[in-house]
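So the chains spell out like this:
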Amino acid sequence: MASKFQQLQTKAAHVSQFVTKNGGSYHKELMEKNKRYIQEPSSVETCQLLANQLFYTRLASIPRRYEAFWKDLDFLKQFLKTKETCSIENASMAALIGVECFAWFCGGEIIGRGFTLTGYYV
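Residues numbered from 1 in each chain as written. Predicted model: local features only at pLDDT ≥ 70, side-chain atom pairs only at ≥ 80, totals over all residues. Heavy atoms only, no water.

**Looking at the overall build of the protein chain**
Cut-off, in case you're wondering: The secondary structure listing takes helices from DSSP runs of H or I that are at least 4 residues long and strands from runs of E that are at least 2 residues long, numbered from the N terminus. Throughout, radius of gyration means the C-alpha value; the globule benchmark is 2.2 Å times the number of residues raised to the power 0.38. Partly exposed describes any residue whose relative accessible area lies between the buried limit of under 20% and the exposed limit of over 50%, with all areas from a 1.4 Å probe on protein chains only and scaled to the type maximum. Working definition of accessibility: Shrake-Rupley area with a 1.4 Å probe, residue cover restricted to the visible protein chains. Asp and Glu are treated as the negative residues and Lys and Arg as the positive ones, with His and the ends of the chain left uncounted. The location of each charge is read from NZ of Lys, CZ of Arg, CG of Asp or CD of Glu.
Assigned secondary structure in the protein chain consists of four helices and zero strands. When its helices and strands are written in sequence order, the protein chain yields α-α-α-α. In summary, the protein chain has a C-alpha radius of gyration of 25 Å against a globular reference of 14 Å for 122 residues, an excess of more than 25%. Its C-alpha atoms put the protein chain at 65 × 50 × 30 Å along the principal axes. When the 122 residues of the protein chain are sorted by exposure, 2% land in the buried category. If you sum the accessible surface of the protein chain, you get close to 11700 Å²; carbon and sulfur atoms cover 66% of it. In the protein chain, 15 side chains carry a positive charge and 11 a negative one; their mean positions are 7 Å apart.

This is how it looks when you write it as structure tokens:
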């Protein structure tokens, strides 16, 4: 156990040295590449303004999303009513989407457990 701790401590020291050596240049490069997203002057008031704009923009999009949800639900109802026109291609696509959703669910559960397959740490 002590050797594992020593290895971890050594790796942490190497990472710390790397970040100290290269962190400034990486930060400069990142800021230069994404300078179109930076709002000047960067102050608390500007951040609050942007947060409010984001909140109210998302709030304004709720009616469109609500309408799209009901439109998609109506399409699904019509599709389920006409099962006779359902082809193997449509059924296999629906099954594939279902498997993908289940896989994302399982991945989220594993990540939520702290990357364990057996259970939660208590």
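**A word on the packing of aromatic side chains**
The test is simple: Pairing of aromatic side chains requires ring centres within 6.5 Å, counting the rings of Phe and Tyr and the six-membered ring of Trp. Pairs whose planes differ by under 30 degrees are stacked, by over 60 edge-to-face, and all others tilted.
The tally for this structure, following the rule as stated, stands at four aromatic pairs. With a centroid separation of 4.9 Å and an interplanar angle of 80°, the aromatic rings of phenylalanine 55 and tyrosine 56 are classed as edge-to-face. Taking the centre distance of 5.1 Å and the plane angle of 70° together, the rings of phenylalanine 69 and tryptophan 70 count as edge-to-face. By relative accessible area, phenylalanine 69 is classed as partly exposed at 47%. Each member of the aromatic cluster is reached from another via a ring pair, and the members are Tyr66, Phe69 and Trp70.

**Remarks on the side chain of threonine 46**
Worth spelling out the cut-off: Contacts are assigned to residue pairs that have any heavy atoms within 4.5 Å of one another.
For threonine 46, the location among the structural elements is in helix α2 (residues 44-60). Aside from chain neighbours lying at most four places away, what touches threonine 46 is Gln39 and Pro41.

**Details of the side chain of serine 61**
Put simply, the rule is: Whenever two N or O atoms come within 3.5 Å, that pair is a polar contact, provided that in protein one can donate a hydrogen and the other can accept it, and provided that, for residues adjacent in sequence, both atoms are side-chain atoms.
The topology assignment puts serine 61 in the loop between α2 and α3 (62-81). Separated by 2.8 Å, the side chain of serine 61 and the backbone oxygen of arginine 58 make a polar contact.

**Considering the confidence of the model for the protein chain**
Our working rule: A residue's pLDDT is the predictor's confidence in that residue, given on a scale from 0 to 100.
For the protein chain, the average pLDDT comes to 86, and 96% of its residues sit at 70 or higher. By mean pLDDT, helix α1 (residues 2-33) is the weakest element of the protein chain at 83, and α2 is the strongest at 92.

**With respect to the pattern of salt bridges**
For clarity, the cut-off: Salt bridges are defined as contacts in which a side-chain nitrogen from Lys or Arg sits within 4 Å of a carboxyl oxygen from Asp or Glu.
The final tally for this structure, using the stated rule, is two salt bridges. For lysine 35, the salt bridge identified is with glutamate 32, shortest N-O distance 3.0 Å. Residue glutamate 109 is joined to arginine 113 by a salt bridge in which the shortest nitrogen-to-oxygen separation is 3.7 Å.

**Some words on the packing of α2 against α3**
We count it as follows: Comment: axis = line fitted to C-alpha atoms, over the contacting stretch for helices; angle = value between 0 and 180 degrees taken between N-to-C directions. For this classification, Asp, Glu, Lys and Arg are treated as charged, while Ala, Val, Leu, Ile, Met, Phe, Trp, Tyr, Cys and Pro are nonpolar and the rest, including Gly, are polar.
One way to put it is that α2 packs onto α3 with a least axis distance of 4 Å and a crossing angle of 35°. Across the interface between the two elements, Arg58, Leu59 and Ala60 of α2 pack against Ile62, Pro63 and Arg65 of α3. Residues belonging to the contact of α2 with α3 are distributed by class as follows: four nonpolar, no polar and two charged.

**A word on a nonpolar patch on the surface**
Note the following rule: Patch membership requires over 30% relative accessible area and the absence of a salt bridge. Like charges are linked within 9 Å, and nonpolar side chains (Val, Leu, Ile, Met, Phe, Trp, Tyr) within 5 Å.
Where nonpolar side chains cluster on the molecular surface, the patch consists of Phe55, Tyr56, Leu59 and Ile62 and spans about 410 Å² of accessible area. Sorting elements by how many residues they give to the nonpolar patch places α2 first, with three residues. Position of phenylalanine 55 relative to the elements: it lies in helix α2.

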